[in-house]
Amino acid sequence: MARNKHPEETVNLILDTAFRLFMEKGYEYTSIQDIIDNLGGLSKGAIYHHFKSKEDMLIAVTDRMTADSNKILADIRDNPGISGKEKLKTIFKTSVNRSVNNDIFSVCPNFKNNSKLLFSLLHETVHEAAPDYIAPIIKQGISDGSIQTEYPEQLAELIILAANIWMNPMVFDNTKEEIYCKFMVFRQMMQGFGLDIIDDEILGRMMELVSIYEEKK
């Protein structure tokens, strides 16, 4: 078999096709064969050379969608001009208001029915989002006096697990009413830590995303 001289182009073609089909049909109703049939003659072997499963394709699609906005979140984290507490509020607001979230909530399946995707989300939350984004902000807040805790790493995990997992309708399949109640508890918890960082604008955006997810189910 001839060596693929343009692997990046092949990967982009696969991801473009997978994303389009996920949006049109929904992740659950898109098969690997559907993707193969829309790749203009690309062989099944060429696809499996780059992606071992449909779950791997979804993870790659989502990573590509969030790459640019993750740079914005990193800029907030690294901004020397605002306090840790203000950074935490800004990063939450910016994260939930990302326009790419509309597509993510349209594409993603129910995670409780897919252990591989759920594990990937948990791993990213605990081993990437918490230590790379939230913990450094909390540590700065401790230094500048805007955040009080003796356990920055653990608080970072608690915050991001609640936000990314516990309040995520794709994990627990909660209704809008249940998500609202969880959000109010999360806000009270943050206030208990002296972090009044969650406002009605963020709540409204969360409810909008939940509606997008419910509509495509």
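Structure first, text after, so check above.
Overview of the structure.

## A few points about unusual backbone geometry
Step number 1: With a phi angle near 55°, Asp173 is a residue other than glycine that sits in the positive phi range.
Step number 2: The topology assignment puts Asp173 in the loop between helix H9 (169–172) and helix H10 (176–192).
Step number 3: Of the residues examined, Asp173 reaches a relative accessible area of 28% and is grouped as partly exposed.

## Quick look at the packing of aromatic side chains
Step number 1: One pass over the structure, following the stated rule, counts 2 aromatic pairs.
Step number 2: Their ring planes at 40° and their centres at 6.0 Å tell us that Phe92 and Phe186 sit as a pair that is tilted. Note that Phe92 is positioned in helix H5 (residues 84–96) and Phe186 in helix H10, a separation of 94 residues in sequence.
Step number 3: Given the relative accessible area of 1%, Phe186 is considered buried.

## A word on the nonpolar core
Step number 1: Among the nonpolar cores identified, the biggest contains 65 residues, and Phe92, Ile159 and Phe186 are the most heavily contacted of them.
Step number 2: Top contributing element to this core by residue count: helix H7 (residues 115–144), with 9 residues.
Step number 3: Beyond its immediate sequence surroundings of up to four residues, Ile159 is in contact with Leu88, Phe92, Ile138, Phe186, Met190 and Leu195.

## Thoughts on the layout of surface pockets
Step number 1: Here the largest pocket defines a volume of roughly 1100 Å³.
Step number 2: Lining the largest pocket we find 40 residues, and of these Ser95, Arg98, Leu121, Glu124 and Asn164 sit closest to its centre.
Step number 3: Looking at the lining of the largest pocket, the elements with two or more residues in it are helix H4 (54–77), H5, helix H6 (100–107), H7, helix H8 (152–166), H9, H10 and helix H11 (200–216).
Step number 4: Residues that form the lining of the largest pocket fall into these classes: 26 nonpolar, 9 polar and 5 charged.

## Topic: the environment of Ser69
Step number 1: By the secondary structure assignment, Ser69 is in helix H4.
Step number 2: Linking Ser69 and Pro131, residues 62 residues apart in sequence, is a C-alpha distance of 18 Å.
Step number 3: Every residue in contact with Ser69, bar those within four places of it in the chain, is listed here: Arg98 and Val100.

Conventions used here
Residues numbered from 1 in each chain as written. Predicted model: local features only at pLDDT ≥ 70, side-chain atom pairs only at ≥ 80, totals over all residues. Heavy atoms only, no water. Helix = DSSP H or I, 4+ residues; strand = E, 2+ residues; numbered from the N terminus. Buried < 20%, exposed > 50% of the residue type's maximum accessible area, 1.4 Å probe, protein only. Phe/Tyr/Trp six-rings, centres within 6.5 Å; stacked < 30°, edge-to-face > 60°. Core = buried A, V, L, I, M, F, W, Y, C linked by side-chain atoms within 4.5 Å. Contact = heavy atoms within 4.5 Å. 1 Å grid on protein atoms, 1.4 Å probe; cavity = no way out; pocket = protein on both sides within 12 Å on 5 of 7 lines; lining within 4 Å. Points joined across faces, edges and corners; volume = space filled by probe spheres on them. Nonpolar A, V, L, I, M, F, W, Y, C, P; charged D, E, K, R; others polar.

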